[in-house]
Amino acid sequence: MFHRAVEEISTGSDSDYSRCWVSWFLSSKGNEYFCEVDEDFIVDRFNLTGLNSEVSNYNQALELITDNLDEDIQDDLRASLDVQARLLYGLIHARWIVTTRGLQKMLDKYKRVEFGRCPRVMCQQQPLLPVGLTDTPYQKSVKLYCGRCEDIYSPKSSRHAAIDGAYFGTTFPHLLFLIYPNLIPPKSGPPLDSASTMRNEPAEGGSRRRRNVRDEIQEAVAGDGADINTSSVALKVERYRPRIYGFQVNEVAKLQRWQEALRDRQVQRLEALEDR
Amino acid sequence: MPRPADPDPELQEDDNDDDEIMDDQEDGYTSSTTTSTVTWISWFCSLPGHEYFCEVTEDFIEDDFNLTGLNVMVPFWKEAMEMVMDIEPDEDAATKIPDVSIVESSAEMLYGLVHQRFILTRAGLQAMIDKYENNAFGVCPRVLCRSSTVVPCGRSDLPGLDTVKLYCPNCNDIYVPPSSRYQGVDGAFFGTTFAHLFFQSYRELAPAPFYKPPPPPSSTASSPSSNASAIEPASEAFVNPNPYGGQKRAEGAIYYPRIYGFKVSERAKSGPRMQWMRVRPESPEQLDRVDWRGHWIGEYSDDDDDDEDGGEMEMQDFDPDVTYEDDDDEEEEEEEEMQAEPPRASGSRRMVGAAGVVQSARTAPTAAGLRPPAPVKTQAINIPRIASSGQVRVVRQYIPAAA
Ligand SMILES: [Zn+2]
Ligand SMILES: [Zn+2]
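As the structure is a computational prediction, the values presented were derived from the model and not from experiment. (Residues numbered from 1 in each chain as written. Chains lettered and ligands numbered in written order. Predicted model: local features only at pLDDT ≥ 70, side-chain atom pairs only at ≥ 80, totals over all residues. Heavy atoms only, no water.)

Moving on, we come to the environment of A:G165. Residues and elements named next belong to chain A. Structurally, the position occupied by G165 is in the loop between α7 (158-161) and α8 (172-179). Distance from G165 to L133, taken between C-alpha atoms, is 6.5 Å for residues 32 residues apart in sequence. Setting aside its immediate chain neighbours within four residues, G165 contacts V131, G132, T134, K140, S141 and V142. (Helix = DSSP H or I, 4+ residues; strand = E, 2+ residues; numbered from the N terminus. Contact = heavy atoms within 4.5 Å.)

Take the coordination of the zinc ion (ligand 2) next. All names here are of chain B. Coordination of the zinc ion (ligand 2) by the protein involves C140 (SG), C145 (SG), C168 (SG) and C171 (SG), with metal-donor separations of 2.3 Å. If you look at the zinc ion (ligand 2), its four donor atoms make angles of 101 to 115 degrees with each other, and the shape they trace is tetrahedral. Mapping the donors of the zinc ion (ligand 2) onto the primary sequence gives the spacing C-x4-C-x22-C-x2-C. Placement of C145 in the loop between α7 (122-133) and β1 (151-153) and of C171 in the loop between β2 (165-168) and β3 (173-175) is noted, with a sequence separation of 26 residues between them. For C171, a relative accessible area of 6% puts it in the buried group. (Donors = N, O, S within 2.8 Å, 3.2 Å for Na, K, Ca; no water. Tetrahedral: all angles 85-135°; square planar, octahedral: opposite > 155°, others 65-115°. Buried < 20%, exposed > 50% of the residue type's maximum accessible area, 1.4 Å probe, protein only.)

On the surface, B:E58, B:D59, B:E62, B:D63 and B:D64 cluster together into a negatively charged patch. By the secondary structure assignment, B:D63 is in the loop between α3 (58-62) and α4 (77-84). (Patch = residues over 30% accessible without salt bridge, like charges linked within 9 Å, V, L, I, M, F, W, Y side chains within 5 Å. Areas by Shrake-Rupley, 256 points an atom, 1.4 Å probe, with all protein chains shown as cover. Salt bridge = Lys/Arg side-chain N within 4 Å of Asp/Glu carboxyl O. Lys, Arg positive; Asp, Glu negative; His and termini not counted. Charge placed at Lys NZ, Arg CZ, Asp CG, Glu CD.)

Interpreting fine coordinate detail is not advised for predicted regions of low pLDDT. All names here are of chain B. With 59% of its residues at a pLDDT of at least 70, chain B reaches an overall mean of 72. Note that pLDDT drops below 50 for residues 1-34; the model gives that stretch 45 contacts with residues more than four away or on any other chain. Below pLDDT 50 for its whole length, residues 221-232 participates in one contact with residues either more than four positions away or in separate chains. If you check the scores for this complex, the pTM reads 0.76 and the ipTM reads 0.84. (pLDDT = per-residue confidence, 0-100.)

What follows deals with empty space enclosed by the protein. Counted under the stated rule, the structure contains 11 cavities of 30 Å³ or more. Size it by volume and the largest cavity reaches roughly 210 Å³. Taken together, 21 residues line the largest cavity, and the ones lying closest to its centre are A:V249, A:E251, A:V252, B:A206 and B:P207. Residue assignment for the lining of the largest cavity shows that the elements contributing at least two residues are α10 (250-275) of chain A together with α8 (194-201) of chain B. Per-element tally for the lining of the largest cavity: the top contributor is α8(B), with four residues. (1 Å grid on protein atoms, 1.4 Å probe; cavity = no way out; pocket = protein on both sides within 12 Å on 5 of 7 lines; lining within 4 Å. Points joined across faces, edges and corners; volume = space filled by probe spheres on them.)

Residue and element names in this part refer to chain A. On the basis of which strands lie adjacent, the open sheet formed by three strands has the order β1-β2-β3 and antiparallel pairing. Pairing within the sheet leaves two strands with one partner each, and these edge strands are β1 (128-131) and β3 (151-153). On average, each strand axis in the sheet is tilted by 40 degrees relative to the strand beside it, whichever way the strands run. By the bridge criterion, four bridges tie β1 to strand β2 (residues 143-146) in an arrangement that is antiparallel. From the neighbouring strand, V131 faces β2, where its bridge partner is K143. Across the sheet, α8 touches β1 and β2, and the angle it forms with β1 is around 130 degrees. (Pairing = 2+ DSSP bridges. Axes fitted to C-alpha atoms, helices over the stretch in contact; angles between N-to-C directions.)

Below is the structure:
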């Protein structure tokens, strides 16, 4: 079954023969949210630290992912190995997408709106990013984060609702906006969909290691988005106001006023911080 | 008369949709062409994309009073009415109609506008709650609304301006229907009022505006009794003291972005700016602390210092920081483990909150004074000022050095 994608290998990857299993995995229905993990990230055992205790038949699963698995292996073992290989790839993926290079790959998918758009009407079709509610596998399915309303949504399609959220992790979208504050969506008006709005992207880092990420964050934050001020953006948020024959619904209006008073306090607080 | 086929079959080819509607289409189509027992209204309501419509009763349509003003909005009024009511047109009249598809779209407009009015009547609300209870409208896509049931709504009462949307009574927000087959359905056919009249009429389905998280599971000891105590809050009857308000316990958890297990601080540029939109006060009294202009009662906006401290405290108090994790054990337990937090100072804060000791203090206007003054200088590394309860946050939040 792993040979299904053989035709695609030559085009899909730069490392000529090897990306058989990965291309098959990525092209499977329901796996659209995953990006391709660079091979040198996978073969660097440092990046896989600790995963051997999460995945049974770890070594063979890894061999399967890197297409080094012994051909003579039993079919029934192979089937179970496939499950483990998916788990392993997912866990590697969660680590990969919080590296500079992995963020870039996911950013490309985000620009192509491959994760769908926010269902909230006032978000005006804001593109979404995948996120997990936990970093432990087999707990919660993947959700979608909207950078405009800063909330999480269930994927529309049931085949995405079956993907493990731990394969994307809790950190990814928030790290993305931390590193690229220019990409933080505006709170009103149409979303900045197009690639032309992307500025000041950090240089491509090749396959950098995970341990460098924190340093990179520091650099990126220090050098990036100095002109960005988000203290009072919440004042621009458009809200839906329930009405009955044109009149606001009493209890809902009261709640909304209370919430907006809370918002105003936060804005004051943030502006005060800025002045100091 | 032959029924028009599915108005736009292409609409169904949406990859993202779960395709459960093909059967409906088949049924609607065949029954309408082969048997004449199905009324136009039943047929119309069974079309793909028309799942949100209820069947308007014929006596409602026959009462001219209910149609007041609609005839100017619908071309070929008489012919459209005959089509909707399954009346065979006059022989000579039929010849005047330029194109049957024009009458069909008129009939749709007529039915839609009548529908907008019908669902505001007692019979219409009843028809819609029947659909609601059969899950015809779906659930809120927002994860933390936990599958709250939504109802259709329009953003305008005039046709031709916007398509149908879904209103969630828990987050009081509106959403694009999950399937593209609703993209051809006019929102005016449901109108701006219905969704809210619906939840006013069925208050037991409307979430209350306040939300008190259940007490935290006894985290100190994992004794077998912890299971029993976890069941208690659910069995408590829920009461909203406002008899005209929502009588259902709200889903009040909100989302906290995290980086490597730490909450992203609001001090970061990319920090949370929208949580206020989903936060609820813990008690109905707290709602009264904001006046009709949206100002905190007993506070003056000029009065900077008090205001700020109060503000910080307010956020802290209502901050489901505390509530989300605590109320949400099934969702968050595993995440808690991942965080590798220091045994936390926040524990004491939780206890206070949970014990309700602070409750009266919170509602009092002087609440800010009851807090110990902020140990400002001892704390901050690169942040000049941290308000009293902010200490806890500093431990737990992810604050980029440059923010
Ligand atoms: Zn959104
Ligand atoms: Zn909702």
